[in-house]
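# Notes for the structure review
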Amino acid sequence: MRSGSYIVIPKEHSAAMKDQLGKLKILDGFLVPKEATSMDVFDAAPQTAQMVSYISLRVSVANTKAGKPSQG
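First, a word on scope: everything that follows refers to the structure included in this document. All residue numbers refer to positions counted from 1 along the written sequence of the respective chain. Given that this is a predicted model, residues contribute local features only at a pLDDT of at least 70 and side-chain atom pairs are listed and counted only at 80 or more, while totals for whole chains, interfaces and linings are drawn from all residues. With hydrogens and water stripped out, all remaining heavy atoms of the structure feed into the side-chain values.

### Quick notes on the pairing of strand 3 (residues 30-33)
- With four bridges connecting them, strand 2 (residues 24-27) and strand 3 associate as antiparallel partners. Paired with Lys25 across the strands is Val32, a residue of strand 3.
- Hairpin remark: strand 2 followed by strand 3, antiparallel, with two residues in the connecting loop; positive phi at Asp28, about 55°. Paired strands, in this sense, are two strands between which DSSP finds at least two bridges. Runs of E in the DSSP output that reach at least two residues are strands. Runs of H or I that reach at least four are helices, and both are numbered from the N terminus.

Here it is, written out as C-alpha cells:
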C-alpha cells in the first residue's frame, strides 16, 4: 500500500458511487464535495453519498530496517 487516504465501499454500493467519485474528496475522514472546506465537513458529509456505507482509512507507510528474525 501507499501512504494516503482510502475509502472502502461495499460492492453492492459501488454502482451508486461510480459517477460521483470524481466530484468528491475525503476531508477529516468523510466524503464531501470537492468544494467543501474543513468548516463545511459536518454539514456536507450527511448530504454526500447518501444511502452508501463506507469506511475511510488514512494509511502512513514508512521504510523500516529489516532485523534478524527472533529465535523463540
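### Thoughts on the nonpolar core
- In plain words, nonpolar cores are sets of buried Ala, Val, Leu, Ile, Met, Phe, Trp, Tyr and Cys residues tied together by side-chain atoms within 4.5 Å. Exposed residues in this analysis have more than 50% of their type's maximum accessible area, buried residues have under 20%, and partly exposed residues fall in between, with area computed by a 1.4 Å probe over protein chains only. With six residues, the main nonpolar core is built from Leu27, Val32, Ala36, Val41, Ala44 and Ala45.
- Setting aside residues up to four positions removed in sequence, Val32 forms contacts with Lys23, Leu24, Lys25, Leu27, Val41, Ala44, Ala45 and Thr48. Contact criterion: two residues are considered in contact whenever any of their non-hydrogen atoms come within 4.5 Å of each other.

### What to know about the packing of aromatic side chains
- Paired rings are identified among Phe, Tyr and Trp, the last through its six-membered ring, by centres lying within 6.5 Å, and are further divided according to the angle between planes into stacked (under 30 degrees), edge-to-face (over 60) and tilted (the rest). Scanning all chains against the criterion turns up one aromatic pair.
- With 5.9 Å between their ring centres and 70° between their planes, Phe30 and Phe42 make a pair best called edge-to-face. With a gap of 12 residues between them, Phe30 in strand 3 and Phe42 in helix 2 (residues 41-44) connect regions that are remote in the sequence.
- A relative accessible area of 31% means that Phe30 is categorised as partly exposed.

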